[in-house]
Amino acid sequence: MENYCAFSKNHKCINWTDYEVTRYELEEANSLCHSNWIEINELYEYIQLLQNKLDEAGISYPKQ
């Protein structure tokens, strides 16, 4: 997309700002999703470790 429009007086695209904001928001969302996925994986590994320790000790825990 370009910030040029042959049909406007100043040749500026009226959708350009919307395009830039949307692109920025998508980049930020992608960054946050990646960070969240890393945290979820770390927490899942921690839960697995705790469940294994409880199993080794013969302690029951609520299962879903």
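Conventions adopted
- Residues numbered from 1 in each chain as written.
- Predicted model: local features only at pLDDT ≥ 70, side-chain atom pairs only at ≥ 80, totals over all residues.
- Heavy atoms only, no water.
- Helix = DSSP H or I, 4+ residues; strand = E, 2+ residues; numbered from the N terminus.
- Buried < 20%, exposed > 50% of the residue type's maximum accessible area, 1.4 Å probe, protein only.
- Areas by Shrake-Rupley, 256 points an atom, 1.4 Å probe, with all protein chains shown as cover.
- Salt bridge = Lys/Arg side-chain N within 4 Å of Asp/Glu carboxyl O.
- Expected span 1.5 Å × (residues − 1).

Some thoughts on the overall build of the protein
So, step 1. Each helix and strand counted, the protein has one helix and zero strands in total.
So, step 2. By residue count, 6% of the 64 residues in the protein fall in the buried class.
So, step 3. As displayed, the protein offers around 6200 Å² of accessible surface, 57% of which is attributable to carbon and sulfur atoms.

Points about the pattern of salt bridges
So, step 1. The full count for this structure, using the stated rule, is one salt bridge.
So, step 2. Between arginine 23 and glutamate 27 there is a salt bridge, with its nearest N and O atoms 3.9 Å apart. Of this pair, arginine 23 and glutamate 27 both sit in helix 1 (residues 16–57), four residues apart, which is roughly one turn of that helix.
So, step 3. Judged by its relative accessible area of 48%, glutamate 27 is partly exposed.

Considerations on helix 1
So, step 1. Over its 42 residues, helix 1 extends 62 Å from the first C-alpha to the last, a length consistent with the 62 Å expected when each residue adds 1.5 Å.
So, step 2. A positive phi of about 75° marks glycine 58, the residue just after helix 1.

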